[in-house]
Amino acid sequence: MLKGIDISHHNKWQYERGDIQFSKHDFIIIKATEGVTFVDPMYETYMQEIIKLEKPYGIYHYARPERNSALAEAKHFCDTIGTDGCGAMLVLDWEGNAINHDIRWAVEWLNYVEKQFGHKPLIYVSSWYTKKLKPVLDNNNGLWVAHYTKAKKPTVYTYPFYTIWQYSNEPYDKDVFNGNLNQWYKYIT
């Protein structure tokens, strides 16, 4: 298993203070976009360090289906990350208001992004929500599941296994990848 973190502009102070050091983690996942206009203000800074350290990385988009179409949000994400997406584990963050919307919105987003980069993105959800992911599983997209405990692995209901498990948010989000480095790279080729 690989150990990593996921961060956004909300972690800027921890990053600048030196609490978050990319070199100490096997992989880093960073937020790029949200909705159709927001670009994470720390995206470029984080991306430059990832490139410098040659770390395995992921990039995620926070879904806002209550405001926008899946296509508009997928285009915003793809346009923002450009060629960075070619070497990244790509992810749709499906939480907050998104969970009250039709999961087919997520499938549309996932399919558009796959067509742009040639590999299947994951979906990020809380473990309880995996019960509702059959259309995403049928679409053959991997699962990044949030379940905050090291003591017990998450229940993923419809999924046979998780790809990434976010097991803690203290003092920032911590994750494990359910595999080795070779398996990581199979997700992005």
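Only a predicted model underlies this, so the values are computations on that prediction, with no experimental measurement involved. (Residues numbered from 1 in each chain as written. Predicted model: local features only at pLDDT ≥ 70, side-chain atom pairs only at ≥ 80, totals over all residues. Heavy atoms only, no water.)

*Asks:* Explain the overall build of the protein chain to me, and be specific about the residues and the numbers.
*Replies:* The number of helices and strands found in the protein chain is 6 helices and 9 strands. In terms of C-alpha radius of gyration, the protein chain reaches 15 Å, essentially the compact-globule figure of 16 Å for 189 residues. Taken along the three principal axes of its C-alpha coordinates, the protein chain extends 40 × 40 × 30 Å. Looking at the protein chain as a whole, 53% of its 189 residues qualify as buried. Contacts spanning at least 24 positions in sequence make up 61% of the contacts within the protein chain whose residues lie at least 6 apart. (Helix = DSSP H or I, 4+ residues; strand = E, 2+ residues; numbered from the N terminus. Rg over C-alpha atoms; globule rule 2.2 N^0.38 Å. Buried < 20%, exposed > 50% of the residue type's maximum accessible area, 1.4 Å probe, protein only. Contact = heavy atoms within 4.5 Å.)

*Asks:* Which residues make up the environment of Val36, and what values do they have?
*Replies:* With respect to the helices and strands, Val36 occurs in the loop between β2 (27-34) and β3 (38-39). Look at Val36 and you get partly exposed, because its relative accessible area is 32%. Linking Val36 and Ser69, residues 33 residues apart in sequence, is a C-alpha distance of 9.0 Å. Ignoring sequence-local partners within four residues, the contact set of Val36 consists of Asn68, Ala72, Glu73 and His76.

*Asks:* Now, about the environment of Tyr15: what can you tell me, with residues and values included?
*Replies:* As for its placement among the helices and strands, Tyr15 is situated in helix α1 (residues 12-17). We classify Tyr15 as buried; its relative accessible area is 17%. Sequence separation of Tyr15 and Glu34 is 19 residues, and the distance between their C-alpha atoms is 21 Å. In contact with Tyr15, not counting residues within four places along its chain, are Ile20, Phe22, Met42, Thr45, Tyr46 and Glu49. Here Glu49 takes part through its side chain, which lies 2.3 Å from a polar atom of the side chain of Tyr15. (Polar contact = N/O pair within 3.5 Å; in protein donor to acceptor, adjacent residues only side chain to side chain.)

*Asks:* Can you explain the nonpolar core? Please cite residues and give values.
*Replies:* Ranked by internal contacts, the top residues of the largest apolar core, which has 48 residues, are Ile59, Trp94 and Ile123. Ranked by residue count, the leading element in this core is helix α4 (residues 103-117), at 8 residues. Excluding anything up to four places from it in sequence, Ile123 contacts Val91, Leu92, Trp94, Ile103, Ala106, Leu133, Val136, Gly142, Leu143, Trp144 and Tyr159. Formed by 14 residues, the second largest nonpolar core is a distinct cluster that contains Phe27, Val91, Ile164 and Trp184. (Core = buried A, V, L, I, M, F, W, Y, C linked by side-chain atoms within 4.5 Å.)

*Asks:* Please set out the pairing of strand β1 (residues 2-7) residue by residue, giving values where relevant.
*Replies:* In terms of residue burial, β1 counts as a mostly covered element, since 5 of its 6 residues are buried. The sheet contact formed by β1 and strand β9 (residues 173-177) spans 5 bridges and is antiparallel. Across the sheet, the residue bridging to Ile5 is Lys174, located in β9. Bridging between β1 and β2 involves 4 bridges; their strand directions are parallel. Of the residues in β2, the one forming a bridge with Asp6 is Ile29. (Pairing = 2+ DSSP bridges.)

*Asks:* Describe the pairing of strand β7 (residues 143-146), listing the residues and the values that go with them.
*Replies:* In β7, alternate side chains face the same way, and those of Leu143 and Val145 on one face and Trp144 and Ala146 on the other are all buried. When strand β6 (residues 122-126) meets β7, the two strands line up parallel, connected through 4 bridges. Pairing of Ser126 across the sheet is with Ala146, part of β7. Bridge count between β7 and strand β8 (residues 164-168): 3 bridges; the pairing is parallel. Paired with Trp144 across the two strands is Ile164, which belongs to β8.

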